[in-house]
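An overview of the molecular structure
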Amino acid sequence: MSLAVYPGSFDPITNGHLDVIQRASRLFDRVVVGILVNEGKRPLFSVEERKEQIERALGSEPEAAGRVTVDRFEGLLVDYAHRRGATAIVRGLRAVSDYEYELQMALMNRRLADAGGHPLETVFLMAHESYSYLSSRLVKEVAMLGGDVRGLVPDHVAAALSARRGQSS
Ligand code: ADP
């Protein structure tokens, strides 16, 4: 059975992330969406909120149902991937600007995984062109200024963003 971990902050999940999850679920028997617990990044949504948002979004994707699960992890990604029995890490690539950071991380993870005796490949999936300009950071910025982000994130996430805006204003 092939299992891949798709790690990220997912603060919040966007339709670009969902597109990558759907593509990954066609390549691997199981995909674990791993939410990195990193309070240093000062997330807008708690890990629990993000987990619920992702699970709800996956609920309306029958293709992914049952084969994609959502989890949280702390510490080194390679250690988490090993604990889960993963043979691959999935990452999304949007533009050339993602490449340098992603390359550095993939090579570092490969080094760490090889040193630990548990080889792990990073697999890059290209975002759908309609989402290649989309990031969680931009969605948050636009939503917090009152912009309409429907169509870029699941409807329940758009609603959670406007509720958060209401609380902070
Ligand atoms: P991180 O903090 O690890 O970058 P993100 O949640 O921002 O976490 O992103 C997780 C992964 O999803 C990264 O590989 C990122 O490049 C990818 N990604 C983010 N937005 C999109 C998108 N619109 N389309 C495809 N991949 C994306």
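We now turn to the structure provided with this report. (Residues numbered from 1 in each chain as written. Predicted model: local features only at pLDDT ≥ 70, side-chain atom pairs only at ≥ 80, totals over all residues. Heavy atoms only, no water.)

**Observations concerning the site of the ligand**
For the ligand, the set of nearby residues contains 17 residues, the closest of which are Tyr-6, Ser-9, Phe-10, Lys-41 and Gly-92. Between an oxygen atom of the ligand and a side-chain N or O atom of His-17, the distance comes to 3.2 Å. Interatomic distance of 3.0 Å between a side-chain N/O atom of Arg-91 and an oxygen atom of the ligand. When isolated, the ligand has an accessible area of 550 Å², and the protein chains bury 90% of it. For the shell around the ligand, the elements supplying multiple residues, two or more each, are strand S1 (3-8), helix H1 (15-27), strand S4 (88-93) and helix H4 (96-115). (Near = heavy atom within 4 Å. Polar contact = N/O pair within 3.5 Å; in protein donor to acceptor, adjacent residues only side chain to side chain. Areas by Shrake-Rupley, 256 points an atom, 1.4 Å probe, with all protein chains shown as cover. Helix = DSSP H or I, 4+ residues; strand = E, 2+ residues; numbered from the N terminus.)

**Focus on the packing of aromatic side chains**
For the coordinates displayed, the defined rule picks out two aromatic pairs. Between Phe-73 and Tyr-80, the ring centres sit 4.7 Å apart and the planes meet at 15 degrees, which makes this aromatic pair stacked. By the burial criterion, Phe-73 is buried, and Tyr-80 matches it. (Phe/Tyr/Trp six-rings, centres within 6.5 Å; stacked < 30°, edge-to-face > 60°. Buried < 20%, exposed > 50% of the residue type's maximum accessible area, 1.4 Å probe, protein only.)

**Observations concerning unusual backbone geometry**
Following Asp-11, the chain continues into Pro-12 via a peptide bond in cis, with omega recorded as 0 degrees. Structurally, Pro-12 is set in the loop between S1 and H1. Phi is positive for Phe-10, close to 50 degrees, though the residue is something other than glycine. Mapped onto the secondary structure, Phe-10 falls in the loop between S1 and H1.

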